[in-house]
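Analysis of the macromolecular model
Residues per chain are reported as follows:
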Amino acid sequence: MTNEAPRLQKSPSAHTQADFVQIIDVVKKFGDAMAVDHLNLSIRKNEFFALLGSSGCGKSTLLRLMAGLEAPDSGRILVDGQDITALPTYQRPVNMMFQSYALFPHMSVEDNAAYGLRREGVAKAEVRERVAAALDLVQMGRYAKRKPHQLSGGQQQRVALARSLVKRPKLLLLDEPMSALDKKIRQQTQFELGNILYSVGVTCIMVTHDQEEAMTMADRLAVMNEGRILQVGTPDEVYEAPTCRFAAEFIGSTNLFEGVLADDESPLFDCKDLQAPLRVHNPMNARRGHKVQLSLRPERIALAHAPATQDCNWAVGTVEQYAYMGSYTLFYVRLPSGRLMEVDVSRTAVRAMERAPDYGHTVYLSWGADQLVVLEK
Amino acid sequence: MSAATALRRPWRARLSRWLPSGRTMVIAAPFVFLLVFFMVPFAAVLKISFSDVKMAVPPYTAIAELHDGVLRIVLNFEHYGDVLANPLYIGAYLDSLKVAALTTLLCLLIGYPACYLIARADPRRRNLLMMAVMLPFWTSYLIRVYAWIGLLKNQGLINSFLLWAHIIDEPLKLYHNYTGLMIGMVYNYLPYLMLPLYAQLVKMDLTLLEAAGNLGARPWQAFVTITLPLSRRAIISSSLLVFIPAVGEYVIPEILGGSDSVMVARVMWDDFFNAGDWPAASAATGCMVLLLLLPMAWFQRLQRRELEAR
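Residues numbered from 1 in each chain as written. Chains lettered and ligands numbered in written order. Predicted model: local features only at pLDDT ≥ 70, side-chain atom pairs only at ≥ 80, totals over all residues.

Residues and elements named next belong to chain A. Reading across from one edge, E6-E7-E8-E3-E9-E10 is the order of the six strands in this open sheet, with mixed pairing throughout. Here the strands that pair on one side only, and so sit at the sheet edges, are strand E6 (94-97) and strand E10 (228-233). The average angle at which neighbouring strand axes cross in this sheet is 20°, direction not considered. Note that E6 and strand E7 (residues 171-175) share four bridges and pair parallel. Within the sheet, the bridge partner assigned to asparagine 95 lies in E7 and is leucine 172. The strands touched by helix H4 (residues 153-165) within the sheet are E6 and E7, with E6 carrying the most contacts at an inclination of about 175°. (Pairing = 2+ DSSP bridges. Helix = DSSP H or I, 4+ residues; strand = E, 2+ residues; numbered from the N terminus. Axes fitted to C-alpha atoms, helices over the stretch in contact; angles between N-to-C directions. Contact = placed C-beta atoms within 7 Å.)

Right, let's talk about the interface of chain A and chain B for a bit. Contacts between the two partners involve 17 residues from chain A and, on the opposite side, 15 residues from chain B. Sorting the residues of the side of chain A that touches chain B by element identifies E6 and helix H2 (109-120) of chain A as the ones contributing at least two each. With four residues, the single largest contributor to the side of chain A that touches chain B is H2 of chain A. Classifying every residue of the side of chain A that touches chain B gives eight nonpolar, five polar and four charged. (Nonpolar A, V, L, I, M, F, W, Y, C, P; charged D, E, K, R; others polar.)

Right, let's get into H2 of chain A. Within H2 of chain A the residues assigned to the buried category are Val109, Glu110, Asn112, Ala113, Ala114, Tyr115, Gly116 and Leu117 of chain A. Positive phi appears at glycine 121 of chain A, one or two residues downstream of H2 of chain A, with a value of about 80°. (Buried ≥ 20, exposed ≤ 12 C-beta atoms within 10 Å, placed from the backbone.)

Partitioning chain B into structural domains gives domain 1 (3-73) and domain 2 (86-276). On a C-alpha basis, the centroid separation for the pair domain 1 of chain B and domain 2 of chain B is 37 Å. (Domains from an automatic or database assignment.)

Moving on, we come to the pairing of strand E14 (residues 291-296) of chain A. Residue and element names in this part refer to chain A. In the sheet, strand E11 (residues 255-261) pairs with E14 via six bridges, with the strands oriented antiparallel. The residue of E14 that forms the bridge with glutamate 258 is glutamine 293. The sheet contact formed by E14 and strand E20 (residues 372-375) spans four bridges and is antiparallel. Its bridge partner lying in E20, glutamine 293 is registered against leucine 375.

Here the focus is the environment of glutamine 155 of chain B. With respect to the helices and strands, glutamine 155 of chain B occurs in the loop between helix H6 (141-152) and helix H7 (157-164). Distance in space between the C-alpha atoms of glutamine 155 of chain B and proline 58 of chain B is 45 Å, their sequence separation being 97 residues.

To continue, consider the nonpolar core. One recurring pattern in soluble globular proteins is that nonpolar side chains are buried together. Core analysis: the biggest nonpolar cluster contains 109 residues, and Met66, Ala134, Ala162, Leu173, Ile205 and Val223 of chain A have the highest contact counts within it. When residues of this core are assigned to their parent elements, the largest contribution, six residues, is made by helix H3 (residues 124-137) of chain A. When near neighbours in sequence (up to four residues on either side) are disregarded, isoleucine 205 of chain A contacts Ile43, Phe49, Leu51, Leu63, Met66, Leu171 and Leu173 of chain A. By size, the runner-up hydrophobic cluster in this structure holds 45 residues, among which are Val83, Tyr93, Leu256 and Ala284 of chain B. (Core = buried A, V, L, I, M, F, W, Y, C linked by C-beta atoms within 7 Å.)

This is the structure:
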């Protein structure tokens, strides 16, 4: 049935694929609170894009602005070259899957799915055909006569997805799609949902506070805070090369150091928390005397009982805490300066050591110059 | 466990075997109350309806008598026949049904939009607005109905204002007629309709309307396809809450109504207190209860069907 799946209507248009959805200088205030602050964003056609941020960062407001459920104070929103800023929600080629799914409780699964097509005045036979295809796509065909409250959370989610896909929107919005599901089925659902959306080929923007969810499902993601976008990139770009402290701390965990560039000739930063200087592969545009933030991921640090041979990028400390996490062990190492460092050591690396590090052991930490990322802000 | 509690347990267990559980008692309390203070008097009224008129105190015959050690029960059904054959009663029943139906309809037309808007208002203002709806209950019902005379009579506030503003040349007849009756009925029963309706509308999930809009429904379409069906049960139950007592309303037609509508409560009053015909009035009561059981049975069936459909 997949070949009958609702498909994005291809429309020939002059604008480039990279600017399929354009958000231009959009501002939205609630009273004095700035929910969306002069925000600009471009999204490619058929891309799965994630807006990632903690609650209250403005990501949901941005989604509601795109859906037409809120009106921006200023700025423009374009979809496929069409300015939709002034269009009411019921005229936008944009459909949204709500966080609570918002299934109509008094209608059966198929009536829920048919709702949007009936409002469009689509012929009865076509409604039946498209609803059946959409329900089959999400494997809910045999539940067509059920009422929403007779379905499990995962099934409700799939009905909500079918309902928003059946209208063949140019842009699909997903508001925290996994938040109503049990943690256990969440990961499996992430892949399922992703596969359905890729098979349909729809431009999709998802809002989430869960970095794992964003990284699993999205082609690109934007890290948001206080109504602004701090960094846009593919999941590995944002993880490997965070540009700001917020992004580095929000996605994964990290050790942040404040460093001062010692001289202009060599990329060596002095750090008051560390005995040895930090050698950085790419010092960006740092100048002598500048203070910069440096990010070092916990799993990029090697832990050993013997001193490191290198003259920089090392530290010595004592194991203060450790936790067995399954595939890796998490160590908290206290440095002589009082600084606590987080180190993830893989299970195989721990096995390879002649004795497992324990509380109070003195350990040596070392890392490569290419693991240190200089943050721009 | 100490010896004392070990001894106490079986004693309590033995007692609790004979006593209903606390839960049962809490649920039973209102039913016992209704049984004693509603069903027993109602049975007495029914009993009177099967007796005959007698010039005595009480003014009716006993239906059960001991004659030479033989118990004789005489059930007299002729009053029911009289009531159903009496054009005065039939007219009064029809008038009552008409007034009650129109009252319910007008209350719905006024109350539903009001409830809808209050439910969508700023949460801080909602309670204030509902308080305003409840405000009339702070004064006696009788005083409020009398107060309407001051508003509606020929030299009353409304007519005086309209005459002063030269909107009318002679006073409108608003009192002691059907108009006055309807104004009083709608005024008095409106809060009873609004409370349950508001309770339903305020708890409605507004994201459902957002979802409907996002799927292409204009606001009025979203109202018709989402809000209205989801409030259907509240509409029916609040309508019955108005309709049933409105059928038997006595005070408002007596004070504000005129001779153009004779409601059934009035006829019963006349039978009881003027004609002294208790059996006939009781039979009329019995007929009215049967009449009101119909819409209630219909509502019960509707609810059951909706539960089964789930």
